[in-house]
Amino acid sequence: MNVATDNPPAAQRRRSREFIDRVIGAHAEAFDLEQEVPRGVFDALAREGVLGALVPAEYGGTGLDPLAVGLLCEDMGRASASLLSLITVHTMVSLAIARWGSAAQRTRWLPPLARGETLAAFALTEPDVGSDVKSVATRVERKDGGFVITGTKKWISFGQVAGLFFVVGNCEGKLAAFLVERDTPGLVVEPIANMLGFRAAMLAEVRMNECVVAGDSMVGSLDFGFSQIVGSVLDHGRYCIAWGSVGLAQACLDASLDYSEQRTQFGRALKDHQLVQRMIADMIVNTRAARLLCQDAARARAEGGPDMIIGAAVAKYFSGTIVEKLASDAVQIHGANGCSSSYPVQRYLRDAKIMNIIEGSAQMQQMMIAQHAYQRW
Ligand SMILES: Cc1cc2nc3c(=O)[nH]c(=O)nc-3n(C[C@H](O)[C@H](O)[C@H](O)COP(=O)(O)OP(=O)(O)OC[C@H]3O[C@@H](n4cnc5c(N)ncnc54)[C@H](O)[C@@H]3O)c2cc1C
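So, how was this worked out
- Residues numbered from 1 in each chain as written.
- Predicted model: local features only at pLDDT ≥ 70, side-chain atom pairs only at ≥ 80, totals over all residues.
- Heavy atoms only, no water.
- Buried < 20%, exposed > 50% of the residue type's maximum accessible area, 1.4 Å probe, protein only.
- Helix = DSSP H or I, 4+ residues; strand = E, 2+ residues; numbered from the N terminus.
- Contact = heavy atoms within 4.5 Å.
- Domains from an automatic or database assignment.
- Buried area = accessible area lost by both parts, 1.4 Å probe.
- Salt bridge = Lys/Arg side-chain N within 4 Å of Asp/Glu carboxyl O.
- Polar contact = N/O pair within 3.5 Å; in protein donor to acceptor, adjacent residues only side chain to side chain.
- Nonpolar A, V, L, I, M, F, W, Y, C, P; charged D, E, K, R; others polar.
- 1 Å grid on protein atoms, 1.4 Å probe; cavity = no way out; pocket = protein on both sides within 12 Å on 5 of 7 lines; lining within 4 Å.
- Points joined across faces, edges and corners; volume = space filled by probe spheres on them.
- Near = heavy atom within 4 Å.
- Areas by Shrake-Rupley, 256 points an atom, 1.4 Å probe, with all protein chains shown as cover.
- Sits in = over half its atoms within 2 Å of the grid points.
- Phe/Tyr/Trp six-rings, centres within 6.5 Å; stacked < 30°, edge-to-face > 60°.

Asker: So what exactly am I meant to see when it comes to helix H10 (residues 345-355) here?
Answerer: Given 3.6 residues per helical turn, the α-helix brings residues three or four places apart onto the same face. Buried residues dominate H10, accounting for nine of its 11 residues. Where H10 is concerned, the buried positions are Val345, Gln346, Arg347, Tyr348, Arg350, Asp351, Ala352, Ile354 and Met355. Tucked inside the fold, the buried residues of H10 contact helix H2 (28-34), helix H4 (66-79), helix H5 (81-100), helix H7 (226-262) and helix H9 (308-338).

Asker: Hey, could you run me through the domain arrangement of the protein chain in this one?
Answerer: Quite often, the size of an interface is put as the accessible area lost when its parts meet. Taken domain by domain, the protein chain comprises domain 1 (10-119), domain 2 (121-219) and domain 3 (226-376). Each partner contributes to the roughly 2,200 Å² buried at the junction of domain 1 and domain 3, and carbon and sulfur atoms together form 67% of this total. Where domain 1 packs against domain 3, one counts four salt bridges. Applying the counting rule to domain 1 against domain 3 returns eight residue pairs in polar contact (both at pLDDT 80 or more). Contributions of two or more residues to the side of domain 1 that touches domain 3 are made by H2, H4 and H5. It is H4 that provides the largest number of residues to the side of domain 1 that touches domain 3, a total of 10 residues. Split into classes, the residues belonging to the side of domain 1 that touches domain 3 amount to 14 nonpolar, five polar and five charged.

Asker: Could you clarify how one ought to interpret the side chain of Thr88 in this entry?
Answerer: Looking at where Thr88 falls in the secondary structure, it is placed in helix H5. Setting aside residues up to four positions removed in sequence, Thr88 forms contacts with His236, Gly237, Cys240, Ile241 and Glu359.

Asker: It is not clear to me how unusual backbone geometry should be interpreted in this structure. Could you clarify?
Answerer: When glycine is set aside, most residues are seen to have a negative phi, and most peptide bonds are trans. Its identity as a non-glycine residue notwithstanding, Asp144 has a phi of 50°, on the positive side. Relative to the elements of secondary structure, Asp144 occurs in the loop between strand E2 (139-143) and strand E3 (146-156). Its identity is not glycine, yet Glu210 carries a phi of approximately 50°, on the positive side. Examined against the element boundaries, Glu210 turns out to sit in strand E7 (residues 204-213).

Asker: Before we go on, may I ask you to explain the layout of surface pockets in this structure?
Answerer: Here the idea is plain: a probe the size of a water molecule rolls over the atoms and shows the empty space left. By volume, the largest pocket amounts to about 1,300 Å³. Around the largest pocket, the lining comprises 42 residues; the ones closest to its centre are Val133, Leu234, Glu359, Gly360 and Ser361. Those elements giving two or more residues to the lining of the largest pocket turn out to be H5, E3, H7, H9 and helix H11 (362-376). Among the elements that make up the lining of the largest pocket, the one with the highest residue count is H11 (seven residues). In the lining of the largest pocket, the residues fall into 22 nonpolar, 15 polar and five charged. What lines the second largest pocket is a set of 15 residues, and nearest its centre among them are Leu54, Pro66, Leu95, Arg99 and Arg301. Of all the elements in the fold, those that place two or more residues in the lining of the second largest pocket are H4, H5 and H7. The residue makeup of the lining of the second largest pocket, split by class, is eight nonpolar, three polar and four charged. When residues of the lining of the second largest pocket are assigned to domains, at least three map to each of domain 1 (10-119) and domain 3 (226-376).

Asker: I would appreciate a short explanation of the site of the ligand in the present structure.
Answerer: The full set close to the ligand counts 19 residues, and Thr125, Ser131, Trp155, Ser361 and Gln363 are the nearest of them. The side chain of Gln363 places a nitrogen or oxygen atom 2.7 Å from an oxygen atom of the ligand. Across the complex, the protein chains shield 64% of the 980 Å² of accessible surface that the ligand would expose by itself. In this structure, the ligand is accommodated by the largest pocket. Only strand E1 (120-123), E3 and H11 provide two or more residues apiece to the shell around the ligand.

Asker: Which parts of the structure should I look at to understand the packing of aromatic side chains?
Answerer: What characterises a pair of aromatic rings is the spacing of the ring centres plus the angle enclosed by the ring planes. Scanning all chains against the criterion turns up five aromatic pairs. On the basis of an interplanar angle of 85° and a centroid distance of 6.0 Å, the ring pair of Phe42 and Phe158 is categorised as edge-to-face. Here Phe42, found in helix H3 (residues 39-47), pairs with Phe158, found in the loop between E3 and strand E4 (164-171); they are 116 residues apart in sequence, far enough to count as distant. Classification of Phe42 by relative accessible area gives buried; the value is 2%. Measuring from centroid to centroid gives 5.5 Å for Tyr259 and Tyr343, while their planes differ by 90°, and the two rings are edge-to-face. Of the two residues, Tyr259 sits in helix H7 while Tyr343 sits in the loop between H9 and H10, which places them 84 residues apart along the sequence.

Right, here's the structure in full:
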């Protein structure tokens, strides 16, 4: 994990996976139940270099390449969708600062983000603004060389513990991104509990009432704001969730293989019933296909070609869609046990539903993919 390579050696991947299974996977059910992740987990992820995955080495990060980031997200998704979302939003903000931030912003924020001293949250969605991101209503006004921000952000992953918010607001009729510290006067964090899935993602509503931030809090400039910066950040988010969905699909498959070998009905193991085999076969094919699309997206990113953005959208749409079916079939194979808290597949099903809503819903991906095709041909 600590070395960026095009293709992490098997031993390195194994070590990374063992770490994630031990620190996260083994406790994922408890995190989900308690709707909380202990601080020690964030520290362990930072020590392992996970929180610095998108921070360049010169700022103390691990600067992983696209495939290594994808494999990390797959392993996180397999262990806990909630923690996958931490990596997603934290690296989205790291990426924005590393790629588009000023020298002062990079020096100020990247080292503490890599060390996990500061957790970052991505604050775009509002109570009345979801998919239609261009309608963001959070108001940003210039005043005395700084900015005054007023608005409400909702469903902000790890907003309960984040020290830094990447806030998208409307300034002089244009969308732009601002770095807002948690202790800014006027900023209030209200925890959101009892979600269907991602229950340990420590969601929050973030209310900003005339929050005054410094003039150098804007990431990029007004003329070079929304489309490039937020576009590339959202693209990274889609990429993470695509790979994370593959990990969750793999977890559904692994649980179903184990259970169908152990459980006997009609005098035979479930695995020997052909209708169960059919579900297993579909799970295997869909997981492999999703992983191949993610690998294709990784290749496009590494090459930096024109297919980069659409590759992630295609991978996210397919992975998010198949994982819902996989998780549903995993519960089906487990029968009543699958509906109980004694088995993880109930969590997988609740988390799988969310994959098709966050980082651009399935419908947004469908429209993006089709519109892209019409542009080319
Ligand atoms: C667990 C979780 C974590 C989240 N974390 C974050 C976070 O960290 N930061 C953040 O900013 N946001 C976050 N979100 C919010 C998330 O990004 C939004 O939920 C998402 O963008 C969809 O917006 P919405 O929920 O308002 O749905 P809406 O936009 O209201 O859409 C509702 C439904 O209508 C469909 N729809 C909308 N418009 C169209 C259209 N033109 N054509 C066809 N169908 C359409 C959508 O696909 C969807 O199915 C999180 C959400 C969840 C559930």
